[in-house]
Amino acid sequence: MRILGLLLGILLLTGCAEKTPPPEKFQFTAQTLDGAEFRGDKLVGQPAVLWFWTPWCPSCNAEAETVEAMAKRHNKIQFVGVAAEDQLDAMKKFVSDHRMTSFPHLADLDGAVWKRFGVTAQPTFAFVGTDGSVELLTGSPTEEQLDERISALVPKT
């Protein structure tokens, strides 16, 4: 009986148990502005904020420093910028101009990640819960509203 229990434990620890695939919207691979690969399934099981932006958007430009500050303040939450509707050079310039270095930014040149999450306008925030739930907020919340929404993603212990 002990051996059976030990074998079962080993099977579970070594991953022989079948894993549930991540929700479809997280089943993507994209390139960051630096050319690194980013896998959406890495976001599953952790709180995250996706910020959908464009370089030419006045609201995105106005809130960029606030988003960067939130990412630094909420360092237990994965932030990801998702840039689209422009050229790679313009996206890189936006990130450089606003000194947005604390989280990765995806070059969603064909808008595929935007479509996956149902984003139709910028700026839009996607608040991802640890259970994989996603809530979209289109527009520019105040810093206080944004801080409140982000804080709610961290489970209380």
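Up top is the structure.
Residues numbered from 1 in each chain as written. Predicted model: local features only at pLDDT ≥ 70, side-chain atom pairs only at ≥ 80, totals over all residues. Heavy atoms only, no water.

Residue-level account of the pattern of salt bridges, with values.
Under the defined criterion, the tally for this structure stands at six salt bridges. Note that D41 is salt-bridged to R39, the shortest N-O span being 2.6 Å. Taking relative accessible area as the criterion, D41 reaches 26% and is therefore assigned partly exposed. For D147, the salt bridge goes to R73, with nearest N and O atoms at 3.4 Å. (Salt bridge = Lys/Arg side-chain N within 4 Å of Asp/Glu carboxyl O. Buried < 20%, exposed > 50% of the residue type's maximum accessible area, 1.4 Å probe, protein only.)

Please set out the packing of aromatic side chains residue by residue, giving values where relevant.
With the rule as written, the count across this model stands at 11 aromatic pairs. Ring geometry for W51 against F94: centres 6.2 Å apart, planes inclined by 40 degrees, an arrangement best described as tilted. Taken together, the positions of W51 in strand β3 (residues 48-53) and F94 in helix α3 (residues 88-97) put the pair 43 residues apart, joining distant regions of the chain. With respect to burial, W51 and F94 carry one shared label: buried. Ring-pair connections join several aromatic residues into one group, and the members of that group are F26, F28, F38, F52, W114 and F117. (Phe/Tyr/Trp six-rings, centres within 6.5 Å; stacked < 30°, edge-to-face > 60°. Helix = DSSP H or I, 4+ residues; strand = E, 2+ residues; numbered from the N terminus.)

Any chance you could break down the side chain of H98 for me, citing the residues and the numbers?
Here H98 shows up in the loop between α3 and β5 (105-107). Among residues more than four places away in sequence, those in contact with H98 are N61, A64 and E65. (Contact = heavy atoms within 4.5 Å.)

Can you explain the sheet that holds β5? Please cite residues and give values.
Across the sheet, which stays open at both edges, the five strands sit in the order β5-β4-β3-β6-β7 with mixed pairing between neighbours. With one partner strand each, in any of the chains shown, β5 and β7 (134-138) form the two edges of the open sheet. On average, each strand axis in the sheet is tilted by 20 degrees relative to the strand beside it, whichever way the strands run. Looking at chain direction, strand β4 (residues 78-83) and β5 are connected through three bridges and run parallel. Paired with V82 across the two strands is L106, which belongs to β5. Across the sheet, helix α2 (residues 58-73) is in contact with β3, β4 and β6 (124-128); its angle to β3 comes to roughly 165 degrees. (Pairing = 2+ DSSP bridges. Axes fitted to C-alpha atoms, helices over the stretch in contact; angles between N-to-C directions.)

Shape is all these values report; function is a separate question.
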